[in-house]
Amino acid sequence: MDKILEGLISSDHAVPVKRAIVKKVVEAAEKEVTEEQCQALFTLTTRLILLGEDAFQKQVGFQVLEAYARYHRPAFERFFSKDFVLSLLQQGYGQLERKDPATIDYIHCCLRLLISCPSVLEIFSVIQVEVLRMVCERPEPALCARLSTMLSDFVQCIPKDKSGILFCQQLVRTISYFHCFASQEQELTDYIEQVTKVSTLLQNIWKTDSDTLLPSLQEVFAIISSTDPSYDPSITLASLVQHIPVRMITVLIKSLTTDQNVKDASMTKALCRMIDWLSWPLAQHVDTWVIALLRGLAAVQKFTILIDVTLLKIELVFSRLWYPLVRQGALAVLSHMLLSFQHSPEAFHLVVPHVVHLVRSLRTDGLSTSKAFLLQFTELIHCMMYQYSGFPDLYDHILEAIKDLPKPGEEKIKLVLNQSAWTSQSNSFGSGPLRQVGKSETGKTGLVNLGNTCYMNSILQTLFMATDFRRHVLSLRLNGSNTLMKKLQLLFAFLAHTQRAAYAPRNFLDASRPPWFNVGSQQDCSEYLRFLLDRLHEEEKTLQVLNSAKPKVASPVDPSSTDSTGQTSPEEGEESPLTPAETKPEDNRTLTEKMFGGKLITGICCMQCNSISEKEEPFTDLSLAFCPSATSQDGPQPEGPFEEPKILCQGSVNGGSEIPEPGSAKAPTSNVHFVPVANEPPLSVPDLVNYFLAPEILDEENAYFCEKCSSLQRAERTMKVVSAPEYLILTLLRFSYDAKCHVRRKILDNVTIPPLMRLPVHNPSKPSVCSSSTSSPLQVDSPESSENLAKKLKPSQKDEEEDENERIHGAEQIYRGGEMLVQSVPYVLSSVVMHSGISSESGHYYSYGHNINGADGTQHPANCFALKEDLGNGQAESSLSTCSALPIPPEQGVTTSTIGQEAKDWLLFNDSRVTFTSFQSVQNITNRFPKDTAYVLMYRKQELPGQNINGGLMANGMRLSAEPPLQKELLDAIIKDNKLYLQEQELNARTQALQAPSSSCSFRPNGSDDNNPPGSCGPSGGGGGGGGFNTISRLVF
């Protein structure tokens, strides 16, 4: 029979004749045939199927094979054995390669014929192994589609368990290598069908075995996040998205965006490639996933990625609007990208040139869906032009093209913009009415004056602008607690993420107001700051004591620290990967101590026997007195040394911080303006620090009782900073008490505020005995005991400092007489709290904050340059032992061309109002408005590359590299408040549009703080707000 069939096929007979004879051969299958004839027929038909010259021969082969296999199944089982299948899959058949799709079609056909036979189970096992090998070889789309069809029909051939997970992952990676270079429509259609078959197979596997889904998605992300420039994954991966359950979006995106192992470059690549998927015609939910990822990145404040991707891909997304099959999804993504990109018009202006052409095309393409789509598109364009008004040259031709189409109302535009904004980004270029609804152009949030609470608002904004402190507070795990730190964390979260222009801190005011502060009365901001830091410190100490009884429970207060048992919180591994042994002595410090705590040593040296008495004291701020000769030229000058020139403010509240000043017969009341001597330059902050640290001779009435001499002796009292805080808080004591006239007078002297400053820190190097010194008092450095040395120096610090000293040839630190290592610690100005007024009983507080834009909150490279230059110029030893300002490089000076840029470097916080300003304004404010003077200053310690100041705080995780992800409890509170806020705007938009943006002061319409003083909430300040001061005779400064 096989010979007849073979001869027939190769003969020249007409096709109808051949078909008739083939029909007779098929009918003969019902008759009894020998085993040898069956095997010969199976061999012939297999050859015709796999190697046939034309479609007729292949068709004949399938017909005859199916007929004889059905009636002679035992013989076919022996022919189609597992060894034969293995040979086909590994070696091919004759001239046919093993990767030819015909091989899979043949095996698929034979499996259908053997499905009820026991021997097929062995074949299934062989195929399970071979298909895994095949997908690892990255088959072409045609072969992969045939393979998917076979596996969909015979799921027994799909690998199981771990092999099944690996198969899915490799199949995903195979899809990423698919590419179609065809230009014919039929070829493109075939390609799409092939991809659909493969993605459908994966969908079926995911439904059957849910354990394979997550590894498959991980493989997808690994592929699209690859930064290998030679590897460009195919957009056919988009075909998988429609098969991922939509309910998994939230969980997957949250996991993805909070994964610390995912680098920004990888996330950027992944997002760009997902946006490319919008071009795949049949994929569903691609836009949903893209928007979810965009929102997820915004939730964790990865704005650099969002900005980069938006600017890179916005034009591509817009171009998809021309294709009806994908335009609806593309519009959803385009709308989200444009509406959320509210800090700059750059993204919108990239697509503006193409808007008119698209509008004309939609009007004339004749599609039934184009009209509705055009209405959606024009609504988006109206929102964008409203948001970025002020560009008539760009928008005139657009308005002309859409003038006959409906325009959304202003209320709807505001609602859309507020719902879409990145929570911590600004609405720059927004129109006037919009700015009253949303945040100011700075993107920062103001604080509502609740009735003479500017003292609290200015301090809270200062603490918020302390980047490291803010980030640590926001990273604390305080769920369920009702502590003051929890309330501060919630307040910081609202300042960072609320969509309100100003937040009302009522709960925090009630929790943090000192008991002796009268409600509704103005108070001393410095006193409030000390009370607040003391409360936070004592609260955390109490929790540490309570937690010490539970060694298995990590401290809920500071995630970056290690408790006494050595356990760390989950965040520590992320924020502080380096935990060297030398951090242990500081493990129990509170967050207040870590950020604001420093240490002073007060030493008294008897000038008779040279014995030294020392006392170490902690501090959170230094109160700097004015030199008597500089603060008054009318009253009598002190005859002897000023008795109380230095006042140390520790963590606990010690009442007011007045300076006793000699009485004056001519002392006026509260409105006298004291001016410095005309021929002397104005004082600077380093001058006041040096005056604070200057040695003082104790003589005559102030003689020191020396225990060694057992008598009153002439002595020298010195103060040395031995531990520099991360944030140095300086309070200028501007209010002195005139005991004769019984009035408190404000010192209105202008004080120069350097942006960069260095503080001398005396680090004990080794114990030594006190020895007499012949040097002048200004050069005497008191030795310290070995006990204090052990507290101040960590085990490896000495070697590190000696190496550093050698590296810079002694320019940054000096070692004198084997006693003290003097280190010049650089500080950069972070914030300044100003007091506006000429009386101690009235006035107004506002603050300036350095607008740090870097991801890690470090200073501008130019500042580092200034520090390097200043510290590397071979300074004299005397300059290292005194506080001094650091110069700014000439190229950083303010010129007319750079004013616009510098104006973004500083922020002015004036209760509800937040505006951009410049450092020039900070420095010149007292010259322009004499009653506005700096009161509290905060400097942030800086570290140069290769330098590790004060025990390596940066290495120990004191400085977080980025804003921490917002915790769920905080996020829920903000979302709830934002929803309430949007509802309020819908109901009260007209009323709010008529209200001034600030309730505490009056400004010119242009918002410039250089034209008028920033304002006052007291009767002598010339401004209204918060009900004004209650002019009671309380000494609050």
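Residues numbered from 1 in each chain as written. Predicted model: local features only at pLDDT ≥ 70, side-chain atom pairs only at ≥ 80, totals over all residues. Heavy atoms only, no water.

1. Some points on the pattern of salt bridges
Heads up, the condition is: When a carboxyl oxygen of Asp or Glu is within 4 Å of a side-chain nitrogen of Lys or Arg, the pair counts as a salt bridge. Secondary structure elements follow DSSP: runs of H or I no shorter than four residues count as helices, runs of E no shorter than two count as strands, and numbering proceeds from the N terminus. Note on classification: 1.4 Å probe, protein chains only; a residue is buried when its accessible area is under 20% of the maximum for its type, exposed when over 50%, partly exposed between these limits.
Counted under the stated rule, the structure contains 21 salt bridges. Glu35 is the salt-bridge partner of Arg78, the closest N and O atoms lying 2.7 Å from each other. Residue Arg78 is found in helix α5 (residues 73–79), and its partner Glu35 is found in helix α3 (residues 35–51); the two are separated by 43 residues along the sequence. The closest approach of N and O atoms between Arg530 and Asp621, which form a salt bridge, is 3.6 Å. Here the residue Arg530 occupies a position in helix α28 (residues 525–548), and Asp621 occupies one in strand β5 (residues 621–624), the gap between them amounting to 91 residues. Each member of the pair Arg530 and Asp621 is classed as buried. Here the salt bridges do not stand alone but share partners, grouping Arg98, Glu130, Arg133 and Glu137 into one network.

2. Here we look at unusual backbone geometry
For Ser710, which is not glycine, the phi torsion reads 60° and is therefore positive. When you line up the elements, Ser710 lands in the loop between β10 (704–706) and β11 (711–713). Overall, Ser710 belongs to the exposed group, its relative accessible area being 53%. Notably, Asp911 is not glycine yet its phi reads approximately 55°, a positive angle.

3. Focus: helix α11 (residues 185–208)
Which entries qualify depends on this criterion: Every helix has an expected span of 1.5 Å times one less than the residues it contains. Only heavy atoms matter for contacts: two residues are in contact if any of them lie within 4.5 Å across the pair.
Along its 24 residues, α11 runs 35 Å from first to last C-alpha, staying within 8% of the 34 Å computed at 1.5 Å per residue. Looking only at α11, the buried set comprises Tyr191, Val195, Val198, Ser199, Leu201, Leu202, Gln203, Ile205 and Trp206. In this structure, the buried side of α11 is in contact with α9 (141–153), α10 (161–175), α12 (213–224) and α13 (238–241).

4. What to know about the packing of aromatic side chains
Quick note on the threshold: Working definition: rings of Phe, Tyr and Trp (its six-membered ring) pair if their centres are within 6.5 Å, and the pair is stacked with planes under 30 degrees apart, edge-to-face with planes over 60 apart, and tilted otherwise. Lysine and arginine charges are scored as sitting over a ring when NZ or CZ, respectively, is within 6 Å of the ring centre and within 35 degrees of the ring normal.
According to the stated counting rule, one finds 25 aromatic pairs in the structure shown. When the centroid spacing of 5.6 Å and the interplanar angle of 40° are considered together, the rings of Phe42 and Phe79 count as tilted. Of the two residues, Phe42 is situated in helix α3 and Phe79 in helix α5; the sequence distance between them amounts to 37 residues. With respect to class, Phe42 is no different from Phe79; both count as buried. Relative to Phe84, the ring of Phe80 lies with its centre 6.1 Å away and its plane at 70°, an arrangement referred to as edge-to-face. The residues Phe80 and Phe84 share a single accessibility class, namely buried. An aromatic cluster is built from Phe42, Phe76, Phe79, Phe80, Phe84 and Tyr106, whose rings are joined through pairwise contacts. Against the face of Phe373 rests Arg327, its NZ or CZ located 5.2 Å from the ring centre. Over the face of the ring belonging to Phe464 we find Arg470, whose NZ or CZ atom lies 4.8 Å from the ring centre.

5. Digging into the packing of helix α8 (residues 120–136) against α9
A packed helix pair is summarised by two numbers, namely the angle formed by the two axes and the spacing between the axes. Quick note on the threshold: To define axes, lines are fitted to C-alpha atoms, for helices over the stretch in contact only, and angles between the resulting N-to-C directions are given on a 0 to 180 degree scale. Throughout, the term roughly parallel applies to angles under 35 degrees, roughly antiparallel to angles over 145, roughly perpendicular to angles from 65 to 115, and oblique to all others. Handedness of each helix crossing follows the sense of rotation of the near helix against the far helix: counterclockwise by less than a right angle gives left-handed, clockwise gives right-handed. Three categories are distinguished: nonpolar for Ala, Val, Leu, Ile, Met, Phe, Trp, Tyr, Cys and Pro, charged for Asp, Glu, Lys and Arg, and polar for the others, with Gly belonging to the last.
Their axes nearest at 12 Å, the elements α8 and α9 cross at an angle of 155°. Here α8 is positioned roughly antiparallel relative to α9, judged by the angle of their axes. The two elements α8 and α9 cross, and the hand of that crossing is left-handed. Two secondary-structure elements touch here, α8 through Ile127, Val131, Met134 and Val135 and α9 through Leu143, Leu147, Met150 and Leu151. Tallied by class, the residues present in the contact of α8 with α9 amount to eight nonpolar, no polar and no charged.

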